[in-house]
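Letter by letter, the chains look like this.
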Amino acid sequence: MNAVSDISSPRIWSGGNSQISPMKRTAKRLLLFVVLLALFTIVRFPYEDLLEDELSEIRRQAGNQGFFFELEDSSLRFPGTLSFERFGALIATRSLPVPLVLTRGQFELDFLPFLLLRAQVSGSAKAYGGEIETTFHRNVFGDDYSAHLEADSINLADHPSLKALGISGSASFDVAAFISAASPPRSVEAELQINNGALSYPGKIAGAFAVPKLSALNLEISAEGDNGKYSLGKCQASSSHGSVSCGGTFEVNPAGIVEAAQLRIELALNELGRTEFGPYLALAGGARGSSTGGGAYTIDLGLQQGVITKFAVTPG
């Protein structure tokens with residue numbers, strides 16, 4: 001019996017190998033197939049053409065929102081990466097178009113989202129002494145897309161339009177939006193911070209009001225909303241003349257123009273602020289003479305179809 005047992009065991013083990021080996025061979029073939037498929041996809045897929053198509057679609061939809069851009073000295077390389085020496089853009093506004101120039105950056109078509117039928121282009125560049133990063137995301141079969149723009153340590157005085165207005169300081173901002181091609185952005189979340197800023201406006205408002213020079217300006221403001229209707233979240237600032245806080249709501253049309261707004265601004269002026277701003281605020285609040293009050297003011301501002309419908313200043 002022991003002899004039979006000794007002989008039978010190897011046969012049973014051999015039979016086990018004959019059952020496991022085909023599974024191993026199938027797994028190896030499946031793995032090889034996946035590797036070959038991945039190599040074929042990476043090597044043969046026209047990433048460059050897709051990237052150019054995506055940029056063309058982004059350019060078209062951005063133009064519908066009043067944002068126009070072109071690339072200069074650009075080059076494409078595998079797999080789907082576009083590098084550029086200069087990115088020139090123009091943001092259309094009602095009063096004055098705002099230029100934007102980025103240097104030494106790149107856009108890249110992200111491979112993994114594409115496998116899930118989502119076209120995603122990521123970009124980064126230098127801008128006015130700081131860094132900008134952005135992501136555009138769109139379903140392959142849809143027209144709507146999302147965008148995320150983040151900037152850090154932007155030197156405001158390096159921008160020609162801001163320099164002409166006498167604005168300086170270091171700014172950081174973060175904007176996330178879900179955008180529809182033929183309507184205002186469906187949803188927007190935005191935040192702006194300015195550190196160690198200054199304002200030295202060279203002219204006069206309405207030809208009469210000289211804006212005092214501000215320094216030591218620190219500002220933090222955020223807004224969010226959807227379908228063209230937005231509200232201010234955090235809104236506060238401090239400067240050489242005192243501090244400001246604000247809140248309210250506003251509506252934006254498809255062209256990006258503010259159509260309506262209801263805002264409340266609360267001022268707490270220090271001695272310098274009372275000296276330079278106080279007389280104007282006291283006059284707007286109905287006070288006679290040049291009384292500067294106690295430095296505390298509330299301003300209620302209303303806007304409708306681009307026209308100021310309410311401007312009320314309340315001292316104290």
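Keep in mind it's a predicted model, so treat the numbers as computed, not measured.

Across its full length, the chain holds 6 helices and 17 strands. Taken across its 316 residues, the chain has 29% of its residues classed as buried. Of the roughly 19,000 Å² that the chain leaves accessible, carbon and sulfur atoms contribute 60%.

All right, on to unusual backbone geometry then. Non-glycine residue arginine 104 carries a positive phi angle of around 45°. As for its placement among the helices and strands, arginine 104 is situated in strand 4 (residues 98–109). What makes arginine 104 exposed here is its relative accessible area of 56%. If you check the backbone angles, asparagine 227 has positive phi at about 50° while not being a glycine. When you line up the elements, asparagine 227 lands in the loop between strand 12 (214–226) and strand 13 (229–239). Residue classification places asparagine 227 among the exposed residues on the basis of a relative accessible area of 55%.

So, on to the packing of aromatic side chains. With the rule as written, the count across this model stands at 6 aromatic pairs. Relative to phenylalanine 87, the ring of phenylalanine 69 has its centre 5.2 Å away and its plane inclined at 25°; by these criteria the two rings are stacked. You can see phenylalanine 69 sitting in strand 1 (residues 67–72) and its partner phenylalanine 87 sitting in strand 3 (residues 81–91), a full 18 residues away along the chain. There is no split in this pair, since phenylalanine 69 and phenylalanine 87 are both buried. Three or more aromatic residues joined by ring pairs make a cluster, and in this case those are Phe69, Phe84, Phe87 and Phe107.

This next bit is on the state of the cysteines. According to the stated counting rule, one finds 1 disulfide in the structure shown. At a sulfur-sulfur separation of 1.6 Å, the disulfide partner of cysteine 235 is cysteine 246. Note that cysteine 235 is positioned in strand 13 and cysteine 246 in strand 14 (residues 242–252), a separation of 11 residues in sequence. You can call cysteine 235 buried: its relative accessible area is 11%. The exposure class of cysteine 246 is partly exposed, given its relative accessible area of 24%.

Moving on: empty space enclosed by the protein. For the structure shown, the criterion picks out 1 cavity of 30 Å³ or more. Volume-wise, the largest cavity comes out at about 60 Å³. Those elements that provide at least two residues to the lining of the largest cavity are helix 2 (47–64) and strand 6 (130–139). Broken down by element, the residue count for the lining of the largest cavity peaks at 4 residues, all from helix 2. Classifying every residue of the lining of the largest cavity gives 3 nonpolar, 2 polar and 3 charged.

What follows concerns the pattern of salt bridges. Under the definition given, this model contains 4 salt bridges. A salt bridge links lysine 126 to glutamate 131, with the nearest nitrogen and oxygen atoms 2.4 Å apart. Accessibility expressed as a relative area gives 35% for lysine 126, which makes it partly exposed. By relative accessible area, glutamate 131 is classed as partly exposed at 39%. Across the salt bridge formed by lysine 234 and glutamate 220, the nearest N and O atoms sit 3.3 Å from each other. Separated by 14 residues along the polypeptide, lysine 234 in strand 13 and glutamate 220 in strand 12 bring together distant segments of the chain. Its relative accessible area of 19% is what places glutamate 220 among the buried residues.

Turning next to the nonpolar core. Grouped together as the largest cluster of nonpolar side chains are 20 residues, with contacts concentrated most on Leu71, Phe84, Phe87, Leu102 and Phe107. Among the elements of the structure, helix 2, strand 1, strand 3, strand 4, strand 5 (118–127) and strand 7 (145–155) are those that each provide at least two residues to this core. Each residue touching phenylalanine 84, except ones within four places of it in the same chain, is listed here: Leu71, Glu72, Asp73, Ser74, Leu102, Arg104, Gly105, Gln106, Phe107, Ser124 and Ala125. Counting 9 residues, the second largest nonpolar core, distinct from the first, contains Leu214, Leu267, Leu269 and Ala282.

What counts, and where the lines are drawn
- Residues numbered from 1 in each chain as written.
- Predicted model: local features only at pLDDT ≥ 70, side-chain atom pairs only at ≥ 80, totals over all residues.
- Heavy atoms only, no water.
- Helix = DSSP H or I, 4+ residues; strand = E, 2+ residues; numbered from the N terminus.
- Buried < 20%, exposed > 50% of the residue type's maximum accessible area, 1.4 Å probe, protein only.
- Areas by Shrake-Rupley, 256 points an atom, 1.4 Å probe, with all protein chains shown as cover.
- Phe/Tyr/Trp six-rings, centres within 6.5 Å; stacked < 30°, edge-to-face > 60°.
- Disulfide = S-S within 2.5 Å.
- 1 Å grid on protein atoms, 1.4 Å probe; cavity = no way out; pocket = protein on both sides within 12 Å on 5 of 7 lines; lining within 4 Å.
- Points joined across faces, edges and corners; volume = space filled by probe spheres on them.
- Nonpolar A, V, L, I, M, F, W, Y, C, P; charged D, E, K, R; others polar.
- Salt bridge = Lys/Arg side-chain N within 4 Å of Asp/Glu carboxyl O.
- Core = buried A, V, L, I, M, F, W, Y, C linked by side-chain atoms within 4.5 Å.
- Contact = heavy atoms within 4.5 Å.

Remember that the coordinates give geometry; whether it matters functionally is a separate question.
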